[in-house]
Amino acid sequence: MVEINGKTYTCGLIGNPVEHTMSPVIHNNLADATGENLVYVPFHVATGLLGDAVKGAFGLNILGMNVTVPYKSDVIPFLSDIDPLAERIGAVNTLVRTSEGYKGYNTDMPGLLRAMKKDGVSVEGENIILLGAGGVARAVAMLLADNGASKIYILNRTVDKAQKIADEINGYVGKNIVEVKRNDEYSTLPQNVKYLAVQATSVGMYPKVDEAVIEDEAFYNMLHTGYDLIFNPLETKFMKLTKASGANAFHGYRMLLYQGVIAYELWTGKAVPDELAEEVYVKMLAAMNVD
Ligand code: ATR
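To keep things clear, this report deals only with the structure shown in the data block.

Conventions used here
- Residues numbered from 1 in each chain as written.
- Predicted model: local features only at pLDDT ≥ 70, side-chain atom pairs only at ≥ 80, totals over all residues.
- Heavy atoms only, no water.
- Near = heavy atom within 4 Å.
- Polar contact = N/O pair within 3.5 Å; in protein donor to acceptor, adjacent residues only side chain to side chain.
- 1 Å grid on protein atoms, 1.4 Å probe; cavity = no way out; pocket = protein on both sides within 12 Å on 5 of 7 lines; lining within 4 Å.
- Sits in = over half its atoms within 2 Å of the grid points.
- Nonpolar A, V, L, I, M, F, W, Y, C, P; charged D, E, K, R; others polar.
- Phe/Tyr/Trp six-rings, centres within 6.5 Å; stacked < 30°, edge-to-face > 60°.
- Buried < 20%, exposed > 50% of the residue type's maximum accessible area, 1.4 Å probe, protein only.
- Pairing = 2+ DSSP bridges.
- Helix = DSSP H or I, 4+ residues; strand = E, 2+ residues; numbered from the N terminus.
- Axes fitted to C-alpha atoms, helices over the stretch in contact; angles between N-to-C directions.
- Salt bridge = Lys/Arg side-chain N within 4 Å of Asp/Glu carboxyl O.

On to the site of the ligand, then. The full set close to the ligand counts 13 residues, and Ala-133, Asn-156, Arg-157, Thr-158 and Lys-161 are the nearest of them. Here an oxygen atom of the ligand sits 2.4 Å away from a polar atom, N or O, in the side chain of Thr-158. A molecule is said to occupy a pocket when more than half its atoms come within 2 Å of that pocket's grid points, and by this definition the ligand occupies the largest pocket. Within the shell around the ligand, the residues separate by chemical class into four nonpolar, seven polar and two charged.

Put into structure tokens, the structure is as follows:
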């Protein structure tokens, strides 16, 4: 690990809670491997102290920050600048120091795209079912639309929320690539194609690991791939049902790795090769006590 001396830079994570974060494993291993004199630490920021935290970080010459729940949107007013993608998504997970203050970025979505590429899952030309219409699903829908998805069907318990996202994206791209349905209406989707399904609801997350947002076998028979954004547990009920139908299933742990890798690249200006990222991934798996 990096030997701390007078020239050591600090990066960190602000959130509440931060106690279970894997980000120190990502960044301290990257610093070690790339020879950067940098340490990464968690900062638990109590309710009401976010502005003080950002101002204090700038005063302390902190190079960069990650931002996690519940502050990804709340942090925006405290930034000196924001990257257009983060602005469109409305969520910032990475702060990069500039002379005026911190510039906000979103590396979650580019991280998902890089993880999908690494997993061999492509978006371009795909017919995609997106499960969920919360803040994360909205950002994923944008990512999929920006990266050449042929058609995106958003399935959600509350159709109105899905419709809002569809209207926004269809307006942005200038054609109707997004359609919406209620979860139980999946059988009305075209049956002559196989789908990539992206699971962007919170259903199935620890501790309620025995739940999936759709449990019918018939739904999973429509898929060639199921990609769950959840990483705790590493194999969700959604993934088990996907695999049982003969389709490929992936979890969200690589997305977590690559959102960190991209943040690290922004802070240091150094490109992290995928081989190095994958070495760090092995350490993340070990830290989670799984294989
Ligand atoms: P996030 O910011 O993580 O996206 P969110 O905005 O609360 O969180 O969105 C959670 C998503 O999970 C929503 O799509 C939600 O469906 P509704 O829009 O109908 O609320 C979905 N979700 C959560 N619990 C669910 C459940 N028990 N059954 C079906 N969908 C559920």
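Now for the packing of aromatic side chains. The relation between two aromatic rings is expressed through the spacing of the ring centres and the mutual angle of the planes. In total, this model carries nine aromatic pairs according to the counting rule given. Centroid distance Phe-219 to Tyr-220: 5.0 Å. Interplanar angle 85°. Geometry classified as edge-to-face. Looking at Phe-219, the relative accessible area reads 0%, which means it is buried. A relative accessible area of 1% means that Tyr-220 is categorised as buried.

Right, let's talk about the sheet that holds strand β10 (residues 195–199) for a bit. Taken in spatial order, the six strands make up an open sheet running β9-β8-β7-β10-β11-β12, and their pairing is parallel. Each of the sheet's edge strands pairs with one partner strand only, and the pair in question is β9 (178–182) and β12 (248–250). Taken pair by pair, the neighbouring strands of this sheet meet at an average axis angle of 20°, ignoring direction. Across five bridges, the pairing between β10 and strand β11 (residues 223–228) is parallel.

Right, let's get into the pattern of salt bridges. Scanning the entire structure with this criterion turns up 13 salt bridges. The partner of Asp-108 in a salt bridge is Lys-72, and the shortest N-O contact between them spans 2.8 Å. Of the two residues, Asp-108 is situated in helix α4 (residues 108–118) and Lys-72 in the loop between β3 (64–67) and β4 (81–82); the sequence distance between them amounts to 36 residues. Since its relative accessible area comes to 24%, Lys-72 is described here as partly exposed. Residue Asp-146 is joined to Arg-88 by a salt bridge in which the shortest nitrogen-to-oxygen separation is 3.0 Å. Taken together, the residues span a long stretch of sequence, with Asp-146 in helix α5 (residues 135–146) and Arg-88 in helix α3 (residues 84–89) at a distance of 58 residues. Overall, the relative accessible area of 39% leaves Asp-146 in the partly exposed class. Judged by its relative accessible area of 22%, Arg-88 falls in the partly exposed class.

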